[in-house]
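# Coordinate inspection notes
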Amino acid sequence: MRITVLTLFPGMVEPFFSSSIMKRAVEKGIIEYSIVDIRDFAEGVHRKADDIPYGGGAGMVMMAAPVAAAIKAAGAEGRRIVFPTPSGRILTQRYAEELSREDELCFICGHYEGLDQRIIDEYVTDEISIGDYVLSSGESAAVVIIDALYRLVDGVIAEESLEDESFSSGLLEYPQYTRPERYCMKSVPSVLLSGHHRHITEWRCMKRLEKTMLNRPDLLSDASLSIEERRTLLKILNNDKGTCQRWTLSEL
Ligand code: SAM
C-alpha cells in the first residue's frame, strides 16, 4: 500500500512512519509512504498557506491553491483522498478494514480552522472523524486513521494476532496477562496457567462478553453471537443482575 500525507507540519507525522511496527512494514516494502509539505507549494516570500475566513470569524483557513498543487504533485488526483475532520463519517474497525484494501491512499491534514471547502468538494473522497471531539490538528487524526488501517494490510501483523481483537467479532477483547505470575499481590487467573485449551477459550469468551456488557453494551445488539456465546451471556446475566439489568432475555 502506498500512503501519501499532505501536511503543513511534516515533523508531526514522520516519527510514526519511522517507528515500531510501521517502520518494519516500510522496511519489508509492504507500506510505501511519502510526506509532502504543503508549504512547498505556497507562493510568495512567506509561503503563506492559510488566510482569514470569508464571512468573518476567528482563526485561519488553509488555502485551496497550495493544497491543490500538493495533491497534483503527489499524483493523488482522482485517487482515494481522505480528509480527517470532526464533521466526517466516524472511523470504525469496519471502515478501517475497507480502507486497508486500497492500494493507494492520500491524507490531507487540516490545521487551524480547517480547509477551504472547494478542495473537499473537488478532491476528497472520504471525510473521516476519529470521534466526537475537536483536535487542534489533522496530523494526529491522520496518524490514528493510518494506524487503524495499515496493521490490517496482509503481512504487517500475524493474522492470528488480529483474530480475537476488540471489534473483530463485534466484542471487546478479553483481559491479557504476562509474566510474572504474581505482581503487587495479584495473581494471574489460574485457568491461564492450566494449559487446558478448552477452559482457556471458555474463560476468554466469558471475559469478552463481561467486558463488552460492562463497557460497551451498545455493541452487543449488533454482535453476531454463537449459541455458546449466547448461553454464556445468559449465565453472566443470571449471576450479575445488577450490572446487566437493562438486558432482557428477548434482547439476546
Ligand atoms: N473548525 C473545525 C470544526 O469545528 O469542525 C475544527 C478544526 S480543528 C481545530 C483542525 C483540524 O484538526 C481539522 O481541520 C481536522 O483536520 C482535524 N481534526 C480535529 N478534530 C478531528 C476529529 N475529531 N476527527 C478528525 N480530524 C479532526
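Just above sits the structure.
Residues numbered from 1 in each chain as written. Predicted model: local features only at pLDDT ≥ 70, side-chain atom pairs only at ≥ 80, totals over all residues. Heavy atoms only, no water.

This brings us to the pattern of salt bridges. Summed over the entire model, instances satisfying the criterion amount to 11 salt bridges. Look at the salt bridges and you will find they share partners, linking Arg-80, Glu-98, Glu-102 and Asp-126 into a network. (Salt bridge = Lys/Arg side-chain N within 4 Å of Asp/Glu carboxyl O.)

What follows is about the nonpolar core. In this structure, Ile-3, Ile-31, Phe-107, Ile-145 and Leu-149 are the most contacted members of the largest nonpolar core, which totals 32 residues. Secondary-structure elements contributing two or more residues to this core are strand E1 (2–7), helix H1 (14–17), helix H2 (20–27), helix H4 (93–100), strand E6 (104–108) and helix H6 (138–150). Of all the elements, H6 adds the most residues to this core, at 7 residues. The contact partners of Phe-107, leaving out residues within four places of it in the chain, are Ile-3, Thr-4, Val-5, Leu-6, Val-82, Ala-142, Ile-145, Ile-146 and Leu-149. In this structure, Leu-6, Val-36, Ala-42 and Ile-119 belong to the second largest nonpolar core, which totals 22 residues. (Core = buried A, V, L, I, M, F, W, Y, C linked by side-chain atoms within 4.5 Å. Buried < 20%, exposed > 50% of the residue type's maximum accessible area, 1.4 Å probe, protein only. Helix = DSSP H or I, 4+ residues; strand = E, 2+ residues; numbered from the N terminus. Contact = heavy atoms within 4.5 Å.)

The next thing to look at is the pairing of E1. A regular strand places its side chains so that they alternate between the two faces of the sheet. Among the 6 residues that make up E1, 5 are buried, leaving the element largely enclosed by the rest of the structure. Relative to strand E2 (residues 32–37), E1 runs parallel, the two being bridged by 6 bridges. Each bridged residue has a counterpart across the sheet, and for Arg-2 the counterpart in E2 is Glu-32. (Pairing = 2+ DSSP bridges.)

Next up on the list: the site of the ligand. Close contacts around the ligand come from 19 residues, with Pro-84, Glu-113, Gly-131, Tyr-133 and Leu-135 the closest. For the ligand, an oxygen atom lies 2.6 Å from a polar atom in the backbone of Pro-84. For the ligand, an oxygen atom lies 3.4 Å from a polar atom in the backbone of Gly-110. Burial of the ligand by the surrounding chains reaches 83%, relative to a free accessible area of 590 Å². Top element by residues in the shell around the ligand is strand E5 (residues 81–90). It accounts for 4 residues. (Near = heavy atom within 4 Å. Polar contact = N/O pair within 3.5 Å; in protein donor to acceptor, adjacent residues only side chain to side chain. Areas by Shrake-Rupley, 256 points an atom, 1.4 Å probe, with all protein chains shown as cover.)

Attention now moves to the packing of aromatic side chains. As enumerated under the stated definition, the model contains 3 aromatic pairs in all. Both rings, one in Phe-16 and one in Tyr-150, keep their centres 6.0 Å apart while their planes meet at 90 degrees; by these two values the pair is edge-to-face. In this pair, Phe-16 sits in helix H1 while Tyr-150 sits in helix H6, placing the two residues 134 residues apart along the sequence. When sorted by exposure, Phe-16 lands in the same class as Tyr-150, which is buried. (Phe/Tyr/Trp six-rings, centres within 6.5 Å; stacked < 30°, edge-to-face > 60°.)

Let us look at the sheet that holds E5. Strand order in the open sheet made by the 5 strands is E2-E1-E6-E5-E7, with parallel pairing throughout. In this open sheet, the two edge strands, each paired with only one partner strand, are E2 and strand E7 (126–129). For this sheet, the mean angle separating the axes of adjacent strands, direction not counted, is 35 degrees. Sitting on the sheet, helix H3 (residues 64–73) touches E1, E2, E5 and E6, and the angle it makes with E1 is about 160 degrees. (Axes fitted to C-alpha atoms, helices over the stretch in contact; angles between N-to-C directions.)

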